[in-house]
Amino acid sequence: MWQYRIWILVLIVTIPGCATRPPDPCRANDWYAIGYEDGRAGRLAESVPGPEQGCLAGLAEPELARYRLGREAGLSVYCEPRTGFQLGMQGNGYAGGCPAPAEAAFLRAYNHGKQIHEVETQIRRLDSILAVNESERDRLDHSILQRRTELAEARLGAGVPETLRAELRELEATAEMVEAEIDALRAALREQHVQLGLLRQEAVPGDSAAVKQPRHLESPIDRSVNPPPSGGGYE
């Protein structure tokens, strides 16, 4: 009798396994939607992430045709100039993929945005260096004031130590160098802000809109150098 019980148990365990076989993921996908999302994201067919990459090579012609149609529809959105401009502004790369008729305008806008990104990056770098130099100048000014006070007090006492005079001379010389560096940084920042203003007001061929200047990148040195233009963005 125990032998029959074992066979019944085996049948109970194995039968559900046949009923729960997972579906083929390559046949269950909506390939038009997948193609559209890939095109909308600017992905090349060979760089598709996830299991879809393995499925593409084995797709039947009808599914592959739907994927291509979807990808072309997505690319028509991705390859607009405003998308290229935003990619450049964000410092992102472009790996290709736009069809030739649309790629020329896309690349003009992309390179325009990339130039703005590079100038903004340079402004942030110069701002950071300027802040460090201004902090150092304030520290030196405090030390110079302290040494001058000590010199004045020493003159009323037993005499002024030569080391104190030497320290003061060294501090003053260093402060002059730091101040010269600050002046050079401010001049460089003014130049970068002028360049940024020109880039933001310049329209890419085929697009009449200017680009608005963000408030956080206006020059803190002289806001009149780079007044915000009244234009919008890429439409």
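Note that residues are indexed from 1 along each chain, following the sequence as it is written. Local features in this predicted model are restricted to residues of pLDDT 70 or higher, and side-chain atom pairs are both shown and tallied only at a pLDDT of 80 or more, whereas totals for entire chains, interfaces and linings draw on every residue. Excluded from the side-chain calculations are hydrogens and water; all other atoms, namely the structure's heavy atoms, are used.

Trainee: Describe the confidence of the model for the protein, with residues and values.
Mentor: What pLDDT expresses is the predictor's confidence in each residue, scored from 0 to 100. Averaged over all residues, the pLDDT of the protein equals 78, while 67% of them reach at least 70. No element of the protein has a lower mean pLDDT than helix α1 (residues 2-19), which averages 45, and none a higher one than helix α8 (residues 162-201), which averages 94. Any two residues having at least one pair of non-hydrogen atoms within 4.5 Å are treated as being in contact. Taken as a whole, residues 205-210 scores under 50 in pLDDT and shows eleven contacts with residues more than four places along the chain or in a different chain. Scored below 50 in pLDDT, residues 222-232 shows 19 contacts in the model against residues more than four places distant or in partner chains. Only DSSP runs of H or I with at least four residues qualify as helices, and only runs of E with at least two residues qualify as strands; both kinds are numbered from the N terminus onward.

Trainee: Please provide a residue-by-residue account of the state of the cysteines, values included.
Mentor: Disulfide: a covalent bond connecting the sulfur atoms of a pair of cysteines. By definition, disulfides here are pairs of cysteine sulfur atoms that lie within 2.5 Å. All chains considered together, the criterion is met by one disulfide. The side chain of C79 participates in a disulfide bridge whose partner is C98; the two sulfur atoms lie 2.2 Å from each other. As the torsion about the S-S bond is roughly -100°, the C79-C98 disulfide counts as left-handed. One end of the pair, C79, is in the loop between α5 (61-78) and α6 (81-89); the other, C98, is in the loop between α6 and α7 (100-155), and 19 residues separate them in sequence. The exposure class assigned to C79 is buried, which follows from its relative accessible area of 5%. Residue burial is assigned from relative accessible area. The probe radius is 1.4 Å, only protein chains are included, and a residue is buried under 20% of its type maximum, exposed over 50%, and partly exposed in between.

Trainee: Could you give me a rundown of the packing of helix α3 (residues 31-40) against α5, with the residues and numbers involved?
Mentor: Axis lines are fitted through C-alpha atoms, for helices just across the contact stretch, and the angle between N-to-C directions can take any value from 0 to 180 degrees. It is the contact of α3 with α5, at a shortest axis distance of 6 Å, that shows an interaxial angle of 30°. The angle between the axes of α3 and α5 places the two elements in the roughly parallel class. Between α3 and α5 the crossing geometry is right-handed. Residues W31, Y32, I34, G35, Y36, D38, G39 and R40 of α3 pack against E63, R66, Y67, L69, G70, R71, A73, G74, L75, V77 and Y78 of α5. The nonpolar class holds Ala, Val, Leu, Ile, Met, Phe, Trp, Tyr, Cys and Pro. Asp, Glu, Lys and Arg form the charged class, and all remaining residues, Gly among them, are polar. The class makeup of the residues in the contact of α3 with α5 is ten nonpolar, four polar and five charged. The labels follow the angle: roughly parallel below 35 degrees, roughly antiparallel above 145, roughly perpendicular from 65 to 115, and oblique for the rest. Note on convention: the crossing is left-handed when the near helix lies turned anticlockwise from the far helix by less than a right angle, right-handed when the turn is clockwise.

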